[in-house]
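# Coordinate analysis (summary)
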Amino acid sequence: MSSRRALKKKVNAIAGELFTDCLIKSRSGDVDQQKVYKVVADIVYMAVEFLKRINHTEPGNVKEFYKKFYADFDAKVQKISDEIAQLK
């Protein structure tokens, strides 16, 4: 298991990559800006939510906590990536 500090850096890096992808997609053509704003807000809320979860690890059940954390994080990142791909 990696340290909390490294995990926070990874969450921030992935959120930054998603934001960059969203920005590039919004500048590449005629895209509804309201949808772009919604996706950017989702990215920010996702980063804040998972950073808070890292700070408050469940004592006694750490292994299951991180297993669920990674599963939830992967699902949320995939959902946001799909939303970015559908921007038109």
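Scroll up to find the structure this text is about.
Described below are features of the structure shown in this document. (Residues numbered from 1 in each chain as written. Predicted model: local features only at pLDDT ≥ 70, side-chain atom pairs only at ≥ 80, totals over all residues. Heavy atoms only, no water.)

Our next topic: helix α2 (residues 33–55). In this model, α2 (23 residues) spans 33 Å end to end at C-alpha, consistent with the 33 Å of a helix rising 1.5 Å per residue. Within α2, the full set of buried residues consists of V36, V39, D42, I43, M46, A47, F50 and I54. (Helix = DSSP H or I, 4+ residues; strand = E, 2+ residues; numbered from the N terminus. Expected span 1.5 Å × (residues − 1). Buried < 20%, exposed > 50% of the residue type's maximum accessible area, 1.4 Å probe, protein only.)

This part takes up helix α3 (residues 62–85). Here α3 is 24 residues long and its end C-alpha atoms lie 34 Å apart, about the 34 Å a rise of 1.5 Å per residue gives. The set of residues buried in α3 consists of F65, Y66, F69, F73, V77, I80, E83 and I84. Those residues of α3 that are buried lie in contact with α1 (4–27) and α2. (Contact = heavy atoms within 4.5 Å.)

A few words on the packing of aromatic side chains. Evaluated as defined, the whole model comprises 7 aromatic pairs. Measuring from centroid to centroid gives 5.4 Å for F50 and F69, while their planes differ by 80°, and the two rings are edge-to-face. Taken together, the residues span a long stretch of sequence, with F50 in helix α2 and F69 in helix α3 at a distance of 19 residues. Side by side, F50 and F69 carry an identical accessibility label, which is buried. Relative to F69, the ring of Y66 has its centre 6.4 Å away and its plane inclined at 70°; by these criteria the two rings are edge-to-face. With Y66 and F69 both in helix α3 and 3 residues apart, this pair spans about one turn of that helix. (Phe/Tyr/Trp six-rings, centres within 6.5 Å; stacked < 30°, edge-to-face > 60°.)

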